[in-house]
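Now for the letters of each chain:
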Amino acid sequence: MASTLKFISLLISSFAIIQMAMADPDIISDFITPTPNATVNANYFTFTGMRALVGGTPPTTFTVLKATLAEFPALFGQSVSYAVLQFPSGTVNPLHTHPRFAELLFLVDGTLEVGFVDTKNNLFTQTIQAGDLFVFPKGLVHYQYNADAQNPALAISAFGSASAGTVSVPPTLFTTNIDDNVLALSLKTDVATVQKLKAGLAPKP
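Residues numbered from 1 in each chain as written. Predicted model: local features only at pLDDT ≥ 70, side-chain atom pairs only at ≥ 80, totals over all residues. Heavy atoms only, no water.

Bringing the overall build of the protein chain into the picture now. Looking only at helices and strands, the protein chain features 4 helices and 10 strands. If you list the helices and strands of the protein chain from N to C, you get α-β-β-β-β-β-β-β-β-β-β-α-α-α. Taken over 205 residues, the protein chain has a buried fraction of 24%. Carbon and sulfur atoms form 62% of the exposed surface of the protein chain, whose accessible area is close to 13100 Å². (Helix = DSSP H or I, 4+ residues; strand = E, 2+ residues; numbered from the N terminus. Buried < 20%, exposed > 50% of the residue type's maximum accessible area, 1.4 Å probe, protein only. Areas by Shrake-Rupley, 256 points an atom, 1.4 Å probe, with all protein chains shown as cover.)

This brings us to the sheet that holds strand β7 (residues 133–136). In any sheet, the strands associate via hydrogen bonds between backbone groups, in a parallel or an antiparallel arrangement. Taken together, the 5 strands give an open sheet; going across it, the order is β1-β2-β9-β4-β7, and neighbouring strands pair in antiparallel fashion. Among the strands making up the open sheet, the edge pair consists of β1 (63–67) and β7. On average, each strand axis in the sheet is tilted by 20° relative to the strand beside it, whichever way the strands run. Relative to strand β9 (residues 153–159), strand β4 (residues 103–109) is paired through 6 bridges, and the arrangement is antiparallel. (Pairing = 2+ DSSP bridges. Axes fitted to C-alpha atoms, helices over the stretch in contact; angles between N-to-C directions.)

All told, the structure shown has 7 aromatic pairs when counted by the stated rule. Ring centres of Phe31 and Phe45 lie 4.9 Å apart, and the angle between their planes is 80°; this geometry places the pair in the edge-to-face category. Of this pair, Phe31 sits in the loop between α1 (2–22) and β1 while Phe45 sits in the loop between α1 and β1, placing them 14 residues apart in sequence. Taking the relative accessible area as the measure of exposure, Phe45 reaches 38% and is therefore partly exposed. Of the aromatic side chains, those joined through ring pairs into one cluster are Phe116, Phe124, Phe134 and Phe136. (Phe/Tyr/Trp six-rings, centres within 6.5 Å; stacked < 30°, edge-to-face > 60°.)

It is worth spelling out the pattern of salt bridges at this point. Inspection of the entire model under this criterion finds 1 salt bridge. With a shortest N-O distance of 2.5 Å, Lys198 and Asp180 are connected by a salt bridge. Pair noted here: Lys198 is in helix α4 (residues 191–201) and Asp180 is in helix α3 (residues 180–187), with a separation of 18 residues, a long-range link. The exposure classification of Lys198 matches that of Asp180, with both residues buried. (Salt bridge = Lys/Arg side-chain N within 4 Å of Asp/Glu carboxyl O.)

Running from N to C, α3 and α4 cross one another at 110°; their axes reach a closest spacing of 9 Å. When the axes of α3 and α4 are compared, the pair comes out roughly perpendicular. For the pair α3 and α4, contact is made by Asp180, Asn181, Leu183 and Ala184 and by Val191, Val194, Gln195 and Lys198, respectively. (Parallel < 35°, antiparallel > 145°, perpendicular 65-115°, else oblique. Contact = heavy atoms within 4.5 Å.)

Nothing here speaks to function; it is geometry throughout.
Pasting the structure below:
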């Protein structure tokens with residue numbers, strides 16, 4: 001009995017350690033400065049990268065503006081980040097995952113078809129309207145699609161991490177030099193089809 005309890009305790013501790021490793025670091029100060037003991041002012045806590053949205057020309061392709069740790073160093077240790085997604089009519093945010101945290105999407109304008117696939121291969125889809133929220137669980141493959149042929153859509157996504165990470169499925173499969181035979185066998189197709197897909201995703205000159 002004692003050995004069973006010891007094993008269970010060890011298992012729980014292991015899970016806790018894994019979760020801690022995956023999470024943003026806990027900090028023991030109010031915030032982290034770029035260098036130790038550096039003096040900062042309010043400018044350090046201000047991100048101006050979203051100003052391009054105000055009065056700017058609407059994009060012709062799907063566009064994401066991010067405020068993550070990479071763009072906004074003040075987010076270090078704060079467990080939050082932000083993205084603004086602009087969808088011209090007929091555009092898609094391709095299949096992708098966020099390996100470290102969930103995504104909470106708020107649709108500001110337009111409509112979007114959204115969906116994700118769980119680990120049992122169940123597809124959950126919804127058409128959301130302006131004012132709706134939709135959550136994409138952590139690590140699951142998901143997408144957003146503006147099927148409206150006339151109107152754009154605008155959404156804001158929040159993440160419980162300063163660096164939630166993004167793994168885009170198409171380039172991960174077809175632009176990382178995975179062997180054509182491996183892809184063909186995995187996808188139950190032929191090498192010629194794989195090569196066509198790779199060509200379509202190759203950077204344009």
